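Each chain is listed here by its residues.
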Amino acid sequence: MKRLFPALALLTVCASVWLTPASASAVPKLDIKVFFGVGSTSLVPRLPEFELPSGAMIGGREPSSFFSWQGGLAARVRSGKVFGEISLGFSRFNFQIGENLVELAELEGRTPEQVDAIRDLVGNDAKMNSLELPITAGYVPYANPYFKLFLYGGLVNKFNIKGFVDTNSGGEIKFRPKDIPGFPLVIYQAGARLGVAFDLGPLNFDFNYTIGMNSITKTEFRTNSHVTQMNLGWLF
């Protein structure tokens with residue numbers, strides 16, 4: 001009997017340790033985020049320079065930067081110092097229809113009606129709508145109940161859907177990405193993303209950079225893309 005009490009005590013201690021709930025930091029934490037932001041899309045065509053009939057030089061690697069904006073929903077799962085996040089977003093970037101596109105259309109052998117239709121767009125800003133599916137993961141170097149810092153990277157799946165532009169004669173024209181003369185865009189583009197974000201209470205601030213892994217244009221030459229974003233989100 002004397003030996004039974006120490007054995008029961010040891011069994012009770014072991015059971016208490018085994019049945020003790022895991023600490024809050026070990027339980028995965030799910031955050032749902034609604035976000036909106038602005039950014040910049042830069043396109044860099046890797047095209048040898050050549051002269052158009054008008055004497056204008058086009059080509060080379062001169063970048064063109066355009067305003068963009070985006071918004072969407074994201075789900076983030078954090079466990080200790082690591083986290084993963086997947087989001088679905090809508091984005092739009094603007095680009096200008098220049099006189100060069102008219103000459104490119106003529107060089108491509110477009111019909112006079114098609115060339116006149118493009119000429120009717122010159123000087124206007126076109127807008128391209130896209131869907132984005134980023135899948136990222138990262139590390140939390142610092143966290144307290146009020147502030148958390150996140151460093152991350154991952155893959156961005158981008159799908160260019162449809163664009164639209166106002167005409168000089170009035171009205172609006174919708175077009176597919178591949179319909180841009182001399183500069184048709186691809187439907188799908190993969191991107192590598194690096195970013196830093198921090199939570200301040202229920203607010204999330206996100207800054208990221210994405211470089212295209214494949215050409216954004218369906219052309220014989222490659223066109224690199226560089227996208228920067230600044231997003232503000234609300235966590236639920």
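Residues numbered from 1 in each chain as written. Predicted model: local features only at pLDDT ≥ 70, side-chain atom pairs only at ≥ 80, totals over all residues. Heavy atoms only, no water.

Q: Tell me what's going on with the overall build of the protein, and back it up with residues and numbers.
A: Helices and strands together make up the secondary structure of the protein, namely three helices and 11 strands. Reading the helices (α) and strands (β) of the protein from amino to carboxyl end gives α-β-β-β-β-β-α-α-β-β-β-β-β-β. Out of the 236 residues belonging to the protein, those deemed buried represent 39%. A separation threshold of at least 6 residues defines the contact pool for the protein, and within that pool the share at least 24 residues apart is 68%. (Helix = DSSP H or I, 4+ residues; strand = E, 2+ residues; numbered from the N terminus. Buried < 20%, exposed > 50% of the residue type's maximum accessible area, 1.4 Å probe, protein only. Contact = heavy atoms within 4.5 Å.)

Q: Go over a nonpolar patch on the surface, please, and point to the residues and values.
A: On the surface, a cluster of nonpolar side chains totalling about 750 Å² of accessible area is made up of Ile 86, Leu 88, Leu 131, Leu 133, Ile 135, Phe 159, Ile 161, Ile 187 and Tyr 188. Here the nonpolar patch takes three residues from strand 6 (residues 125–143), the largest share from any one element. Within the element layout of this structure, Leu 131 appears in strand 6. Among the residues examined, Leu 131 registers a relative accessible area of 35% and is labelled partly exposed. (Patch = residues over 30% accessible without salt bridge, like charges linked within 9 Å, V, L, I, M, F, W, Y side chains within 5 Å. Areas by Shrake-Rupley, 256 points an atom, 1.4 Å probe, with all protein chains shown as cover. Salt bridge = Lys/Arg side-chain N within 4 Å of Asp/Glu carboxyl O.)

Q: Go over the confidence of the model for the protein with me, naming the residues and quoting the values.
A: The predicted model of the protein has a mean per-residue pLDDT of 84, with 80% of residues at 70 or higher. Predicted confidence is poor over residues 4–22, with pLDDT under 50, and the contacts of this stretch with residues over four places away or in other chains come to zero contacts. (pLDDT = per-residue confidence, 0-100.)

Q: Which residues make up the packing of aromatic side chains, and what are the values?
A: With the rule as written, the count across this model stands at nine aromatic pairs. For the ring pair Phe 36 and Trp 69, a centre distance of 5.9 Å and an interplane angle of 35° mean the geometry is tilted. On the criterion of sequence distance, the pair formed by Phe 36 in strand 1 (residues 29–45) and Trp 69 in strand 4 (residues 64–79) is long-range, its members being 33 residues apart. Aromatic pair Phe 198 and Phe 205: ring centres 4.9 Å apart, planes at 20°, arrangement stacked. Owing to a relative accessible area of 24%, Phe 198 belongs among the partly exposed residues under this scheme. Pairwise contacts between aromatic rings join Tyr 142, Phe 147, Phe 198 and Phe 205 into one cluster. (Phe/Tyr/Trp six-rings, centres within 6.5 Å; stacked < 30°, edge-to-face > 60°.)

Q: Can you explain the side chain of Thr 41? Please cite residues and give values.
A: Relative to the assigned elements, Thr 41 resides in strand 1. Residue classification places Thr 41 among the buried residues on the basis of a relative accessible area of 3%. With near-sequence residues (within four places) excluded, Thr 41 lies in contact with Ser 64, Ser 65, Phe 66, Ser 68, Phe 93, His 226 and Val 227.

Q: An account of the environment of Val 227 is requested, with residue identities and associated values reported.
A: Within the fold, Val 227 resides in strand 11 (residues 223–235). Given a relative accessible area of 11%, Val 227 falls into the buried group. Between the alpha carbons of Val 227 and Ser 65 there is a distance of 9.3 Å; along the sequence they are 162 residues apart. Here Val 227 is in contact with Ser 40, Thr 41, Asn 208, Tyr 209 and Thr 210, once residues within four sequence places are set aside.

Q: So, the environment of Leu 88: which residues are in play, and what are the values?
A: If you trace the backbone, Leu 88 turns up in strand 5 (residues 82–96). Given a relative accessible area of 52%, Leu 88 falls into the exposed group.

Q: So, the nonpolar core: which residues are in play, and what are the values?
A: Judged by nonpolar contacts, the single largest core of 18 residues is most densely connected at Phe 95, Ile 97 and Phe 175. Those elements giving two or more residues to this core turn out to be strand 5, helix 2 (99–107), helix 3 (112–119) and strand 6. Sort the elements by how many residues they give to this core and helix 2 lands first, with three residues. Excluding anything up to four places from it in sequence, Phe 175 contacts Phe 95, Ala 126, Lys 127, Met 128, Lys 162, Gly 163, Phe 164, Val 165 and Ile 180. (Core = buried A, V, L, I, M, F, W, Y, C linked by side-chain atoms within 4.5 Å.)

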